[in-house]
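Structural features, examined
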Amino acid sequence: MEFGFTVEQEALRREVRDFLEDELRRGLWQPQCDAWIQGFDPAFTKRVAARGWIGLTWPRAYGGHERSYIDRLIVTEEMLRYGAPAALHWFADRQIGGGILRYGNDAQKQEFLPRIMRGELYVGLGMSEPEAGSDLASLTTRAELQGDCFIVNGQKTWTSGGSFINYIDLFARTDFQAPKHKGITEFLVPMNLPGISRIPMIDITGTEAWNDIFFDNVRVPRECVIGELNKGFYHVVEELAYERGGMERLMGNYPLYDGLRRFVVETKRNGRRLIDDPRIRTTMAELEVEFEVGRLLMYRAASVMDEGRPPTVEASVSKVHGTGFEQKLANLVMTLLGPYGPLKGWAPLAAMRGLPMHSYLASKGYSLQAGSTEVLKNIIAGRALGLPTQ
Ligand SMILES: Cc1cc2nc3c(=O)[nH]c(=O)nc-3n(C[C@H](O)[C@H](O)[C@H](O)COP(=O)(O)OP(=O)(O)OC[C@H]3O[C@@H](n4cnc5c(N)ncnc54)[C@H](O)[C@@H]3O)c2cc1C
């Protein structure tokens, strides 16, 4: 079978590349690793919005373009290839907008989707809590109905982009008697409500891209509920498939991969190019094969989205594979660089603009965020292979 793109898709890819190359020529930003989750640039997000590349798959009735998920994957693949600062719109474009389309009422679609597409609505994910990560159904943030408002109390943690978001997709417990996964509701909450506070979390890379978010008697209007009360857990399971199934799980460090490919060709040790060492050559070839397999797995997940269903199993497979690739890439670069690996970009002897150390440290979290590798393997075992689960 030949796997190819349509003429329109090739044109879209060219258009995105031209746009990004023009941005680079104008020095508007530098390619970075993890820029899809750590590159916060409102002006860039607005320029992407002006091209119509946010909400590409959404219905025309709400301002979308009704293009396929494969088309969307082409856009995101190119953003990642260039390490573009797309974090402000990534989450809303990837899963929140789709969730609003599936479960939101018409007023919510009319209000939120155009604002996301204009690059004005930055949504963070309020799922995890200090004692509820893999077992999300055990979350304890409470939302108690009093008149027209829910009174919300609790804490979310690890919210990506938490310092920059203006809305949070909040999952809170609304039925305290029901079995734990049957009492959770989804809300889309403005971050400027009284009683919400945020504290940046500094991770091992030194970035402040995440936040703890606290809710202290926050009055959340009833209109913020997305879908039916107490159905939030089912929403999140579906939304996670969209979260896991994207190219960012493989190409988040593409600027490093690109740098490595050039490094092994351009660097000589003892008069011989690194790439002419058979062990390095074989390792690079293996890496390239794993990368291409990863790309195909991501395209498979997108084709399942185009069939109109969440790619629960496909995205679990592609994320486990992609995460493994990214961790292997970061480890390999650090091994090849030896003592030069940890150098920051400003150090005179730093290789690849100092990207390696960031990726090496950040990659430790890849197999945790959006569902840990162990948990995803459980999904694959149970749902794809039919093995007994706990
Ligand atoms: C960089 C980063 C960004 C994140 N961004 C967000 C965000 O924007 N919003 C948000 O809500 N959350 C976010 N998270 C949180 C993330 O979803 C959780 O870290 C993840 O769900 C794991 O939960 P935990 O950290 O509590 O670990 P735990 O659930 O306590 O897991 C600890 C270990 O136990 C293993 N384990 C747990 N259960 C099982 C099981 N049933 N079978 C086998 N092994 C198991 C796990 O694989 C893991 O190795 C982010 C995390 C990171 C690292």
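Since this is a predicted model, take the numbers as computed values, not measurements.

Another aspect to go through is the overall build of the chain. Along the chain, the regular secondary structure elements total 13 helices and 10 strands. Taken over C-alpha atoms, the radius of gyration comes to 21 Å for the chain, in line with the 21 Å a tight globule of 390 residues would show. Principal-axis analysis of the C-alpha atoms gives the chain an extent of 75 × 45 × 45 Å. Put simply, the chain has 390 residues, and 55% of those count as buried. Contacts spanning at least 24 positions in sequence make up 73% of the contacts within the chain whose residues lie at least 6 apart. Summed over all atoms, the accessible surface of the chain reaches about 17,400 Å², with 54% contributed by carbon and sulfur. If the 46 positive side-chain charges of the chain are averaged to one point and the 49 negative ones to another, these points end up 3 Å apart.

By the secondary structure assignment, Ser363 is in helix H12 (residues 355–366). Residue contacts for Ser363: discarding those within four places in its chain leaves Glu326, Gln327 and Ala330.

With respect to the secondary-structure elements, Leu136 resides in the loop between strand S1 (123–126) and strand S2 (142–146). Leu136 sits in the buried class, given a relative accessible area of 9%. Measuring from C-alpha to C-alpha, the distance between Leu136 and Val236 comes to 9.3 Å, with 100 residues separating the pair along the chain. Those residues in contact with Leu136 that lie beyond four places of it in its chain are Met127, Ser128, Ile184, Phe233 and Val236.

Taken as a whole, this structure holds 17 aromatic pairs when the rule is applied. Seen in terms of ring centroids, Trp29 and Phe44 are 5.7 Å apart; in terms of plane orientation they differ by 80 degrees. Their pairing is edge-to-face. Remark: Phe44 occurs in helix H3 (residues 42–50) and Trp29 occurs in the loop between helix H1 (7–25) and helix H2 (35–38); sequence separation between them is 15 residues. A relative accessible area of 8% means that Trp29 is categorised as buried. Their ring planes at 90 degrees and their centres at 6.1 Å tell us that Tyr254 and Tyr257 sit as a pair that is edge-to-face. Remark: Tyr257 and Tyr254 occur in helix H9 (residues 254–266); sequence separation between them is 3 residues, near one turn of the helix. The burial state of Tyr254 is the same as that of Tyr257; both residues are buried. One residue, Arg261, lies across the ring of Phe291, its end atom 5.8 Å from the ring centre. Over the face of the ring belonging to Tyr360 we find Lys364, whose NZ or CZ atom lies 4.2 Å from the ring centre.

Around the ligand sit 18 residues in total, of which Ser128, Ser134, Trp158, Ser372 and Glu374 are the nearest. A distance of 2.9 Å is found between a nitrogen atom of the ligand and a backbone nitrogen or oxygen belonging to Leu125. Ser372 is positioned such that a nitrogen or oxygen atom in its side chain is 2.5 Å from an oxygen atom of the ligand. Protein coverage of the free-state accessible area of the ligand, which is 970 Å², stands at 69%. If you list the elements that add at least two residues to the shell around the ligand, you get strand S3 (149–160) and helix H13 (373–384). For the shell around the ligand, the class distribution of residues is 7 nonpolar, 10 polar and 1 charged. Mapping the shell around the ligand onto the domain boundaries places at least three of its residues in each of domain 2 (125–231) and domain 3 (245–384).

Time to look at H9. Over its 13 residues, H9 extends 18 Å from the first C-alpha to the last, a length consistent with the 18 Å expected when each residue adds 1.5 Å. Within H9, the full set of buried residues consists of Tyr254, Pro255, Leu256, Tyr257, Gly259, Leu260, Phe263 and Val264.

A full pass over the atoms with the stated rule returns 32 salt bridges. Here Arg13 and Glu77 are joined by a salt bridge, their closest N and O atoms 3.2 Å apart. With a gap of 64 residues between them, Arg13 in helix H1 and Glu77 in helix H4 (residues 69–81) connect regions that are remote in the sequence. Take Glu77: its relative accessible area is 0%, and that puts it in the buried class. The partner of Glu314 in a salt bridge is Arg309, with the nearest N and O atoms 3.9 Å apart.

Attention now goes to helix H6 (residues 106–117). Compared with an ideal rise of 1.5 Å per residue, which puts 12 residues at 16 Å, H6 spans 16 Å between its outermost C-alpha atoms and is within 8% of the ideal. Where H6 is buried, its residues contact H3, helix H5 (87–103), strand S4 (167–173), strand S5 (184–190) and strand S8 (225–226). One side-chain oxygen of the residue at the start of H6 lies 3.2 Å from the amide nitrogen of Ala107, identifying that residue as Asn105. Following H6 by one or two positions, Gly119 adopts a phi angle in the positive range, close to 75 degrees.

Turning our eyes to something else, we now look at the domain arrangement of the chain. Looking at the chain, the domain boundaries give domain 1 (7–121), domain 2 (125–231) and domain 3 (245–384). Counting residues at the interface gives 20 residues for domain 1 and 23 residues for domain 3. Carbon and sulfur atoms supply 58% of the area that domain 1 and domain 3 bury against each other, a total of about 1,900 Å² over both sides. Our count for the domain 1 to domain 3 interface comes out at 2 salt bridges. The interface formed by domain 1 and domain 3 holds 12 residue pairs in polar contact (both at pLDDT 80 or more) in total. Mapped by element, the contributors of at least two residues to the side of domain 1 that touches domain 3 are H2, H4 and H5.

About the thresholds
- Residues numbered from 1 in each chain as written.
- Predicted model: local features only at pLDDT ≥ 70, side-chain atom pairs only at ≥ 80, totals over all residues.
- Heavy atoms only, no water.
- Helix = DSSP H or I, 4+ residues; strand = E, 2+ residues; numbered from the N terminus.
- Rg over C-alpha atoms; globule rule 2.2 N^0.38 Å.
- Buried < 20%, exposed > 50% of the residue type's maximum accessible area, 1.4 Å probe, protein only.
- Contact = heavy atoms within 4.5 Å.
- Areas by Shrake-Rupley, 256 points an atom, 1.4 Å probe, with all protein chains shown as cover.
- Lys, Arg positive; Asp, Glu negative; His and termini not counted.
- Charge placed at Lys NZ, Arg CZ, Asp CG, Glu CD.
- Phe/Tyr/Trp six-rings, centres within 6.5 Å; stacked < 30°, edge-to-face > 60°.
- Lys NZ or Arg CZ within 6 Å of the ring centre and 35° of its normal.
- Near = heavy atom within 4 Å.
- Polar contact = N/O pair within 3.5 Å; in protein donor to acceptor, adjacent residues only side chain to side chain.
- Nonpolar A, V, L, I, M, F, W, Y, C, P; charged D, E, K, R; others polar.
- Domains from an automatic or database assignment.
- Expected span 1.5 Å × (residues − 1).
- Salt bridge = Lys/Arg side-chain N within 4 Å of Asp/Glu carboxyl O.
- Buried area = accessible area lost by both parts, 1.4 Å probe.

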